[in-house]
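# Examination of the molecular architecture
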Amino acid sequence: MAAATATLSPPSVTPPTYHRIVSPTLSIPADPLQPIPVGLLACQRDPLLRELATTAVSCRVSQSPAPPSNGREGKKKKAAPAPTAPLLEVILHDTIIFPEGGGQPSDVGILTSSDGEQWDVVEAKRHGGHAVHYVRLKPEQNVDDALRLFAPGAVVGVSLGEQGYKRRLDHACMHTSQHLLSAVLETRLNVETLAWSLTAAPAPCYVELARGLTPEEIAYIQEEANRLVFEGRSVHVEVEELDPSVKVMSGPSVGIPSDYTGGVKRTVVIDGIDRNPCCGTHLPSIHNLQLFLLPNTEALARSTTSSVRLYFLAGPRLIAHLTSTHTFLTNTAGIMSCGAPQVPERVQQVVDERKKATKRVEDLEAELAAVLADEITNATPREGGELVLHRHRIDDSANPLTFLSAISTAFVNKVAEKGSATPYLIVLTSSPSAQSSTSTTVVLVFGSDDKKVKEAGDELKAKLNVKGGGKGPRWSGKFTGVWKDGREGATVASILGSLTF
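Report on the accompanying structure. (Residues numbered from 1 in each chain as written. Predicted model: local features only at pLDDT ≥ 70, side-chain atom pairs only at ≥ 80, totals over all residues. Heavy atoms only, no water.)

### With respect to the overall build of the protein chain
In terms of regular secondary structure, the protein chain is built from nine helices and 19 strands. Against the globule reference of 23 Å for 501 residues, the protein chain gives a C-alpha radius of gyration of 34 Å, more extended than a compact globule. With the principal axes as the frame, the protein chain shows a C-alpha extent of 105 × 60 × 50 Å. Here the protein chain, with 501 residues, has 43% of them falling under the buried criterion. Counting only contacts in the protein chain whose residues sit at least 6 apart along the sequence, the fraction spanning at least 24 positions is 71%. (Helix = DSSP H or I, 4+ residues; strand = E, 2+ residues; numbered from the N terminus. Rg over C-alpha atoms; globule rule 2.2 N^0.38 Å. Buried < 20%, exposed > 50% of the residue type's maximum accessible area, 1.4 Å probe, protein only. Contact = heavy atoms within 4.5 Å.)

Below you can see the structure in the form of structure tokens.
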């Protein structure tokens, strides 16, 4: 039976008290040819607004082949793929598409020009104090048309679209929940948030803390945060003129960047809980933002300090997590033929039985390897007295080389026990039962003379294209393709027959 899917129901309209300009001399620019600075944008004044009519301020072809990264760069940078269409940089008088900042990735959305055509906004970034929309042209769209339609003063419609609004809602839920979580951690446990990450959905986000938390502390913080959620504390934003001398703000957000020129300081307030400078989009209430903390922390070790990550989920991500977890549990219960509460016990039984079965297979393989090694030891040497032979096996195990190695080890031990001085060179091969052009046959060569082992390996490389190598009395490799005794097996026999001791 499929799991039911719940949905989050945020307020449909942002209260008029949400956005508060507290500086008497600060106002929202009304000139349609002047961009409203980041900090006073429509997306920041009304996080639930889905569409807006505004005007274009400027438009140009981007000099970058791709928009700036929407996430944090990894340690390994990957080359950007070649764009399939030009990229435009559009600045509008106002926008509901949030430009990346405050640890929050940008929105995506749609611009509608005066002729009704829609243009995809794949990224929005802050340049100085202005929001820049990166518009990726579709194959049928023309750069000259775009420059004309987004000329200064042109009327432009801005919308998030269905997917863009889901992304906005997810980001707002996680960002507001982070403010709540960090505030409760600081006020209840005196644990400061050092950093945080709004990861890509549906993965849990995390806050980085200076110390680990016990399971009891995590449960306590979750209970305290959700108590405030159930109270439905309101959220509002206070905006004031930025003091030029103040450039860095305390708190888990990045504060006010040094290149910000918008002249606005924006503070997000959770009623009676938290006041934190932030430029991100936040819901007007923490109602419905039930918080779930993963009941463990991940330790991080750096050269100069150590910290831990506490992962959390809220809003749509929590619903997605519960739905997927329930589905996994239900499917597992079906496979295990038990009820959901019995799954851990049944899984443990399977693991224990698997360990026993693996041990039994290992014991049997050791016995079989000894028998095969004994058979090789008793084989008839060549006229010169040296033991040179090839044995091929069919084996569907995940690692057939392990079994071939066990045979070689058992053989070497038997030779040592007998004190035999007979020279030997043995080739063992193993193929799967069902072969194709991509099948792998494992080859193992071992012998009493290192030079002969290397010589045999070199011949296998040259005549059968076996990829491999070795050192001393052992050489191993892999043959790709269909192994046939009358063809590849005959080649091995020819190679061994050509070797002289």
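### A closer look at the sheet that holds strand β15 (residues 387-394)
Across a sheet, paired strands are connected by hydrogen bonds in the backbone, their directions being either parallel or antiparallel. On the basis of which strands lie adjacent, the open sheet formed by five strands has the order β15-β16-β17-β19-β18 and mixed pairing. The open sheet has two edge strands, β15 and β18 (467-471), and neither has a second partner. Neighbouring strand axes in the sheet, compared pairwise and without regard to direction, differ in orientation by 10° on average. Taken together, the eight bridges between β15 and strand β16 (residues 424-431) define a ladder with parallel strand orientation. Bridging from a neighbouring strand, His392 pairs with Thr429 of β16. Its contacts with the sheet put helix α9 (residues 485-498) on β15, β16 and β19 (474-480), and the angle it makes with β15 is roughly 160°. (Pairing = 2+ DSSP bridges. Axes fitted to C-alpha atoms, helices over the stretch in contact; angles between N-to-C directions.)

### A word on the sheet that holds strand β9 (residues 205-209)
Read across the open sheet, the four strands follow the order β8-β9-β14-β13; overall the sheet is antiparallel. Whereas interior strands pair on both sides, the edge strands pair on one side only; in this sheet they are β8 (193-197) and β13 (292-301). For this sheet, the mean angle separating the axes of adjacent strands, direction not counted, is 25°. In terms of strand pairing, β8 meets β9 through four bridges, oriented antiparallel. Residue pairing in the sheet places Trp196 in a bridge with Val207 of β9. Against the sheet, helix α4 (residues 215-231) makes contact with β13 and β14 (306-313), and its axis sits at roughly 130° relative to β13, the strand it touches most. Its contacts with the sheet put helix α5 (residues 315-336) on β9, β13 and β14, and the angle it makes with β14 is roughly 80°.

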